[in-house]
Amino acid sequence: CLFTGGEPLLRRELPALLRSIKELGYAVKLDTNGSHPEALRAVVATGLVDYVAMDIKNSPAKYAATVGLPGFDLTPVRQSAALLLEGTVDYEFRTTVCAPLHTPRDMEELGRWLKGARRYFLPPFADSGALVGGGVSPPSEDEIKALRDSVLPDIPSTQIRGQ
């Protein structure tokens, strides 16, 4: 069973729902942006999730610009990433990459941040037509390979997804 976009519910309703699903015998995957590390720690510690996929938007230096929130506090995201890197639950990190937001230098920094991660995926941006704003595009095949290659020294498991 997959749960995504549940950050507002993570602290309140989601644990009870996860418990009910686990009691039915289903495995649970949780997708998160990492904004509520205390709630993530609670569902991991109680065994309510079997797998966590965490979106990492960009390198720490460009995170606020990428999410469009000047002054964005990266602390909760860092805490959630650190929790997953402890390895108490199976997990993956992923960064949807697009031009011009992601550069090889950004990815090098990101690789150092998540050094040793079990799994790291780079899905290319796909324009659904519902994007608020603009100015971004999918990277070319050569560009996404360069982004992946920038991360590989620190996260050898890095793969391009969906290309």
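Residues numbered from 1 in each chain as written. Predicted model: local features only at pLDDT ≥ 70, side-chain atom pairs only at ≥ 80, totals over all residues. Heavy atoms only, no water.

Glancing now at the side chain of Glu-92. In this structure, Glu-92 sits in strand β4 (residues 90–94). Exposure remark for Glu-92: the relative accessible area of 4% places this residue in the buried category. Reaching out from Glu-92, the side chain makes a polar contact with the side chain of Arg-161 at a distance of 2.9 Å. Discounting residues that sit within four places of it in the chain, Glu-92 has contacts with Tyr-51, Val-52, Ala-53, Met-54, Arg-119, Phe-121 and Arg-161. (Helix = DSSP H or I, 4+ residues; strand = E, 2+ residues; numbered from the N terminus. Buried < 20%, exposed > 50% of the residue type's maximum accessible area, 1.4 Å probe, protein only. Polar contact = N/O pair within 3.5 Å; in protein donor to acceptor, adjacent residues only side chain to side chain. Contact = heavy atoms within 4.5 Å.)

Under the defined criterion, the tally for this structure stands at 14 salt bridges. Among the ionic pairs, Lys-115 bridges to Asp-154, the shortest N-O distance being 2.9 Å. Here the residue Lys-115 occupies a position in the loop between α6 (104–113) and β5 (120–122), and Asp-154 occupies one in the loop between α7 (141–151) and β6 (159–160), the gap between them amounting to 39 residues. Linking Asp-149 and Arg-148 is a salt bridge whose minimum nitrogen-to-oxygen distance equals 3.0 Å. Each member of the salt-bridge network shares a partner with another, and the members are Lys-29, Asp-31, Asp-55, Lys-57, Glu-92, Arg-94 and Arg-161. (Salt bridge = Lys/Arg side-chain N within 4 Å of Asp/Glu carboxyl O.)

Moving on to the pairing of strand β3 (residues 51–55). Taking burial as the measure, the five residues of β3 include five buried ones, the bulk of the element. Side chains Tyr-51, Ala-53 and Asp-55 project from β3 onto one buried face, and the interleaved Val-52 and Met-54 project onto a second face that is buried too. Assessed by its sense of winding, the connection that carries the chain from strand β2 (residues 29–32) through helix α3 (residues 37–45) to β3 is right-handed. Across five bridges, the pairing between β3 and β4 is parallel. When the sheet's bridge partners are listed, Tyr-51 is paired in β4 with Asp-90. (Right-handed = clockwise from strand over helix to strand, strands pointing away. Pairing = 2+ DSSP bridges.)

Once that is clear, we can look at the nonpolar core. The biggest cluster of nonpolar side chains holds 34 residues, and the ones touching the most others in it are Val-49, Ile-56, Phe-93, Trp-113, Leu-114 and Tyr-120. Counting residues per element, this core draws most heavily on helix α5 (residues 75–85), at four residues. (Core = buried A, V, L, I, M, F, W, Y, C linked by side-chain atoms within 4.5 Å.)

With that out of the way, let us pick up unusual backbone geometry. Here the bond from Ala-99 into Pro-100 is cis, since omega is 5°, no more than 30 degrees from zero. Considering the arrangement of structural elements, one finds Pro-100 in the loop between β4 and α6.

The next subject is the packing of α6 against α7. The geometry of α6 relative to α7 is characterised by a closest axis approach of 7 Å and an angle of 30° between their N-to-C directions. Put simply, α6 runs roughly parallel to α7. Crossing of α6 against α7: the hand is right-handed. The segment α6 lies against α7, with Pro-104, Met-107, Glu-108 and Gly-111 engaging Ala-146, Leu-147, Ser-150 and Val-151. The residue inventory of the contact of α6 with α7, partitioned by class, reads five nonpolar, two polar and one charged. (Axes fitted to C-alpha atoms, helices over the stretch in contact; angles between N-to-C directions. Parallel < 35°, antiparallel > 145°, perpendicular 65-115°, else oblique. Left-handed = near helix turned anticlockwise from the far one by under 90°. Nonpolar A, V, L, I, M, F, W, Y, C, P; charged D, E, K, R; others polar.)

Now for the packing of aromatic side chains. Taken as a whole and assessed by the stated rule, the structure comprises three aromatic pairs. Geometrically, the ring pair formed by Tyr-63 and Phe-72 is stacked, given 5.7 Å between the ring centres and 15° between the ring planes. Since its relative accessible area comes to 3%, Tyr-63 is described here as buried. With a centroid separation of 6.2 Å and 75° between ring planes, the pair formed by Tyr-63 and Trp-113 is classed as edge-to-face. (Phe/Tyr/Trp six-rings, centres within 6.5 Å; stacked < 30°, edge-to-face > 60°.)

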